[in-house]
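Below are the chains, spelled out letter by letter.
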Amino acid sequence: DAGVIQSPRHEVTEMGQEVTLRCKPISGHNSLFWYRQTMMRGLELLIYFNNNVPIDDSGMPEDRFSAKMPNASFSTLKIQPSEPRDSAVYFCASSFPRGAGTEAFFGQGTRLTVV
Amino acid sequence: GNSVTQMEGPVTLSEEAFLTINCTYTATGYPSLFWYVQYPGEGLQLLLKATKADDKGSNKGFEATYRKETTSFHLEKGSVQVSDSAVYFCALTLPYNQGGKLIFGQGTELSVKP
């Protein structure tokens with residue numbers, strides 16, 4: 001398997017524009033997580049899905065952020081409108097919970113810069 | 001609530017020095033505990049894990065023991081190498097029937113000098 005695939009790897013956009021980040025989880029995994037990483041706040045869990053259903057979106061910073069998982073092989077994180085403080089590295093991770101100690105596999109991340 | 005607290009970095013060591021990175025957690029129920037490592041420009045990858053009290057996880061010379069009485073999972077290595085320079089994250093996950101949430105500490109940057 002190719003692992004968790006995120007696109008794009010880098011995104012530079014102007015303030016006010018819509019940004020869509022994409023994630024393809026590992027085939028067969030039914031849990032998917034979106035994280036944001038910044039120097040100031042570290043690694044923050046934004047939202048996670050089980051079986052394509054959002055379970056906890058309490059980490060989504062505000063209404064400008066939305067995430068969807070239309071099927072088991074694809075998820076998007078959208079920011080509309082984007083702001084400079086959204087600049088960060090966004091990671092997607094997936095797992096297949098089988099009991100205790102299930103490992104999550106991370107993508108390479110998308111580095112977002114909003115100017 | 002559920003949370004993970006790590007010692008702040010950056011930590012700078014000389015090659016072959018002993019490493020300890022402290023991690024404590026707060027959790028409802030019975031979490032599994034993990035250490036993940038992030039090398040520059042990459043995503044996180046699992047370093048080691050432990051699923052119940054007194055378990056010891058180990059990998060690549062690193063080890064950590066699940067201490068329920070002190071709610072800790074400190075990472076140790078007896079002799080670090082330059083190639084160990086990375087950011088280390090302590091994490092917990094709740095059982096699937098409690099939602100399966102994966103929660104990370106803030107990360108500790110380790111720099112090993114030759």
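Because the structure is a prediction, the values reported are computed rather than measured.

## So, the sheet that holds strand S8 (residues 74–79) of chain A
Residues and elements named next belong to chain A.
- One open sheet holds the four strands; their spatial order is S1-S3-S8-S7, and the pairing between them is antiparallel. Two strands bound the open sheet, and with one partner strand each, they are strand S1 (5–7) and strand S7 (65–71). Mean inter-strand twist for the sheet, computed between neighbouring axes without regard to direction, equals 15°.
- When S1 meets strand S3 (residues 19–24), the two strands line up antiparallel, connected through three bridges. Bridged to Gln 6 within S3 is Cys 23.

## Describing the nonpolar core
- Trp 35, Leu 47, Leu 48, Phe 73, Leu 75 and Tyr 88 of chain B are the most contacted members of the largest nonpolar core, which has 27 residues in total.
- For this core, the secondary-structure elements that each account for two or more residues are strand S2 (11–14), strand S3 (19–21), strand S4 (23–26), strand S5 (32–38), strand S6 (44–50), strand S8 (62–65), strand S10 (86–93) and strand S12 (108–113) of chain B.
- Sorting elements by how many residues they give to this core places S10 of chain B first, with four residues.
- Discounting residues that sit within four places of it in the chain, Phe 73 of chain B has contacts with Cys 23, Leu 33, Phe 34, Trp 35, Leu 48, Lys 49, Ala 50, Ala 64, Thr 65, Tyr 66 and Cys 90 of chain B.
- Counting residues in each nonpolar core, the second largest holds 21 residues, with Phe 49, Met 60, Ala 67 and Met 69 of chain A among its members.

## Considering the pairing of S8 of chain B
Residues and elements named next belong to chain B.
- When strand S7 (residues 56–59) meets S8, the two strands line up antiparallel, connected through four bridges. Of the residues in S8, the one forming a bridge with Ser 58 is Glu 63.
- The turn joining S7 and S8, which pair antiparallel and follow one another in sequence, is formed by two residues; a positive phi near 55° is taken by Lys 60.
- In this sheet, strand S9 (residues 75–77) lies alongside S8 in antiparallel orientation, the contact comprising two bridges. Looking across to S9, one finds that Glu 63 is bridged to Glu 76.

## A short note on the state of the cysteines
- For the structure on display, the rule yields two disulfides over all chains.
- In this model, Cys 23 of chain A is linked to Cys 92 of chain A through a disulfide, with the two sulfur atoms separated by 1.9 Å. On the sign convention where negative is left-handed, the bridge of Cys 23 of chain A and Cys 92 of chain A, at about -65° about the S-S bond, is left-handed. Highlighted residues: Cys 23 of chain A in strand S3 and Cys 92 of chain A in strand S9 (residues 88–95), separated in sequence by 69 residues.
- Assessed through its relative accessible area of 1%, Cys 23 of chain A is described here as buried.
- We classify Cys 92 of chain A as buried; its relative accessible area is 0%.
- Each disulfide pairs two cysteine sulfurs, and for Cys 23 of chain B the partner residue is Cys 90 of chain B, the sulfurs being separated by 1.9 Å. Its S-S torsion of about -70° marks the bond between Cys 23 of chain B and Cys 90 of chain B as left-handed, since a negative value means left-handed. Of the two residues, Cys 23 of chain B sits in strand S4 while Cys 90 of chain B sits in strand S10, which places them 67 residues apart along the sequence. Accessibility classification places Cys 23 of chain B together with Cys 90 of chain B in one group, the buried group.

Thresholds, definitions, all that
Residues numbered from 1 in each chain as written. Chains lettered and ligands numbered in written order. Predicted model: local features only at pLDDT ≥ 70, side-chain atom pairs only at ≥ 80, totals over all residues. Heavy atoms only, no water. Pairing = 2+ DSSP bridges. Helix = DSSP H or I, 4+ residues; strand = E, 2+ residues; numbered from the N terminus. Axes fitted to C-alpha atoms, helices over the stretch in contact; angles between N-to-C directions. Core = buried A, V, L, I, M, F, W, Y, C linked by side-chain atoms within 4.5 Å. Buried < 20%, exposed > 50% of the residue type's maximum accessible area, 1.4 Å probe, protein only. Contact = heavy atoms within 4.5 Å. Disulfide = S-S within 2.5 Å.

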